[in-house]
Amino acid sequence: NFAGVDFEPNFYFLDDKFHRVNFSGPMANDNASNKQAFDKLVDQLRKRYGSPATHEVKDSPSGLSARADWQIPSGEVWLVVLAVGPRSSLFNFGYLPKQP
């Protein structure tokens, strides 16, 4: 649970090695909850990694979408909000390590 939203971790492996982890939220959570969770996680990651390489938020009549990512020495940390409808969205975040 993060910022009042439950996330499910999904670990992916390639050639028997850790490939990435995604944390998936509910398929259609309300935009206000997802925006709050997104903003809170951006703030926490900014404290740890500095300003994100990308930080975009679009709240339009068709729905909420947002993205932020950090390029860190070991890989990429990313956050994404995808519109499901005008009042609901999907929030996921994850980590993709650099591949050798």
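Since the model is a prediction, treat every value here as computed from it, not as a measurement.

A. Representation of the pairing of strand 5 (residues 63-72) in the model. Here strand 5 lies mainly inside the structure; seven of its 10 residues are buried. One ladder, built from seven bridges, connects strand 4 (residues 54-60) with strand 5; its direction is antiparallel. Across the sheet, residue valine 57 finds its bridge partner in strand 5, namely alanine 66.

B. Quick peek at the environment of leucine 64. Among the structural elements, leucine 64 can be located in strand 5. Accessibility expressed as a relative area gives 2% for leucine 64, which makes it buried. Placed 49 residues apart in sequence, leucine 64 and aspartate 15 show a C-alpha to C-alpha distance of 36 Å. Not counting the four nearest positions on each side in its chain, leucine 64 is found in contact with Asn31, Lys35, Val57, Lys58, Asp59, Val81, Leu82, Ala83 and Ser89.

C. Representation of the pairing of strand 2 (residues 17-24) within the structure. The sheet contact formed by strand 1 (residues 8-14) and strand 2 spans seven bridges and is antiparallel. Within strand 2, the position partnered with phenylalanine 11 by the bridge is valine 21. Hairpin connection of strand 1 to strand 2: two residues between the antiparallel strands, including aspartate 15 at a positive phi of 55°. In this sheet, strand 7 (residues 88-97) lies alongside strand 2 in antiparallel orientation, the contact comprising four bridges. When the sheet's bridge partners are listed, serine 24 is paired in strand 7 with asparagine 92.

D. Representation of the pattern of salt bridges. In this structure the tally under the stated criterion is four salt bridges. Between aspartate 69 and arginine 67 there is a salt bridge whose closest N-O contact spans 3.7 Å. When its relative accessible area of 30% is taken as the criterion, arginine 67 is described as partly exposed. Residue arginine 67 is joined to glutamate 76 by a salt bridge in which the shortest nitrogen-to-oxygen separation is 3.5 Å. By sharing partners, the salt bridges in this structure join Arg67, Asp69 and Glu76 into a single network.

E. A look at helix 1 (residues 31-49). Here helix 1 contains 19 residues, and its C-alpha end-to-end distance of 26 Å stays within 8% of the 27 Å for a straight helix at 1.5 Å per residue. Of all the residues in helix 1, the buried ones are Asn31, Asn34, Ala37, Phe38, Leu41, Val42 and Leu45. Seen end-on, helix 1 carries its buried residues on one side only, within an arc spanning 135°. The exposed residues of helix 1 that point more than 90 degrees off its buried face are Ala32, Gln36 and Lys47. As for helix 1, its buried residues are in contact with strand 3 (29-30), strand 4, strand 5, strand 6 (75-83) and strand 7. Just past helix 1, the residue glycine 50 takes up positive phi, approximately 90°.

F. Main features of the side chain of aspartate 69. The residue aspartate 69 is located in strand 5 in this model. Classification of aspartate 69 as buried rests on a relative accessible area of 5%. A distance of 3.1 Å separates polar atoms of two side chains, one belonging to aspartate 69 and the other to threonine 54. Not counting residues within four places of it along the chain, the set of residues in contact with aspartate 69 comprises Pro52, Ala53, Thr54, Glu76, Val77 and Trp78.

Calculation criteria
Residues numbered from 1 in each chain as written. Predicted model: local features only at pLDDT ≥ 70, side-chain atom pairs only at ≥ 80, totals over all residues. Heavy atoms only, no water. Buried < 20%, exposed > 50% of the residue type's maximum accessible area, 1.4 Å probe, protein only. Helix = DSSP H or I, 4+ residues; strand = E, 2+ residues; numbered from the N terminus. Pairing = 2+ DSSP bridges. Contact = heavy atoms within 4.5 Å. Salt bridge = Lys/Arg side-chain N within 4 Å of Asp/Glu carboxyl O. Expected span 1.5 Å × (residues − 1). Arc of directions from axis to C-beta. Polar contact = N/O pair within 3.5 Å; in protein donor to acceptor, adjacent residues only side chain to side chain.

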